[in-house]
Amino acid sequence: SLALIEGSWQSTNRYHAQRELGNMLYRTHEIEKEIENIEDVFLREYLYEQLDVIAAGRRSLAEEVRWDIESSKKSQGII
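Asker: Could you clarify how one ought to interpret the environment of Tyr-46 in this entry?
Answerer: As for its position among the elements, Tyr-46 is in helix α3 (residues 41-75). For the pair formed by Tyr-46 and Ser-60, sequence separation is 14 residues and the distance between their alpha carbons is 22 Å.

Asker: Can you walk me through the nonpolar core in this structure?
Answerer: It is characteristic of soluble globular proteins that their nonpolar side chains tend to be buried jointly. Leu-2, Ile-5, Trp-9, Ala-17, Leu-21, Met-24, Leu-61, Ala-62, Val-65 and Ile-69 together form the largest nonpolar core, which totals 10 residues. Elements with a minimum of two residues in this core: α1 (2-8), α2 (14-35) and α3. Residue contributions to this core peak at 4 residues, all from α3. For Ile-5, the residues in contact, after removing those within four places along its chain, are Ala-17, Glu-20, Leu-21 and Leu-61.

Asker: I tried to follow the environment of Glu-63 on my own but got confused; where do I start?
Answerer: Checked against the element boundaries, Glu-63 lands in helix α3. Measuring from C-alpha to C-alpha, the distance between Glu-63 and Gln-18 comes to 9.5 Å, with 45 residues separating the pair along the chain.

Asker: Any chance you could explain the pattern of salt bridges here in plain terms?
Answerer: Where side chains of opposite charge bring their charged atoms close, a pairing between them can arise. Throughout the structure, instances matching the rule amount to 2 salt bridges. With a closest N to O distance of 3.4 Å, Glu-30 and Lys-33 form a salt bridge. Placement of both Glu-30 and Lys-33 in helix α2 is noted, with a separation of 3 residues, approximately one turn of the helix. What makes Glu-30 partly exposed here is its relative accessible area of 29%. Put simply, Arg-66 and Glu-63 hold a salt bridge, and the shortest N to O gap is 3.2 Å. Of this pair, Arg-66 and Glu-63 are both found in helix α3, 3 residues apart, which corresponds to roughly one turn of the helix. We classify Arg-66 as partly exposed; its relative accessible area is 40%. Among the residues examined, Glu-63 registers a relative accessible area of 45% and is labelled partly exposed.

Cut-offs applied
- Residues numbered from 1 in each chain as written.
- Predicted model: local features only at pLDDT ≥ 70, side-chain atom pairs only at ≥ 80, totals over all residues.
- Heavy atoms only, no water.
- Helix = DSSP H or I, 4+ residues; strand = E, 2+ residues; numbered from the N terminus.
- Core = buried A, V, L, I, M, F, W, Y, C linked by side-chain atoms within 4.5 Å.
- Buried < 20%, exposed > 50% of the residue type's maximum accessible area, 1.4 Å probe, protein only.
- Contact = heavy atoms within 4.5 Å.
- Salt bridge = Lys/Arg side-chain N within 4 Å of Asp/Glu carboxyl O.

Function cannot be read off these values alone, since they describe shape.
In C-alpha cells form, the structure reads like this:
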C-alpha cells in the first residue's frame with residue numbers, strides 16, 4: 001500500500017493520498033495488535049522491526065503530502 005501511495009500521490013488528489021495514509025496507519029495498528037499474539041519471540045521481534053520500517057516510510061511520506069498541501073494553500077492564498 002505504501003509503495004502504491006508513494007508512486008502515485010503526486011499525480012492524484014493530495015487529500016485522497018492523505019486519507020489513504022491515515023487508513024494505512026489504522027491497518028498498521030491492527031497488524032501490531034495481531035503481532036502481540038505471536039508466541040515466537042524472534043518472529044515477533046522481526047515483525048515489529050518490519051513495522052518500524054514501514055511506519056518510518058509512512059511518516060516521511062505523510063510529511064511530504066502535508067507539506068505539499070500547505071504549500072499549495074499558501075500559493076493559492078488560502079492560508
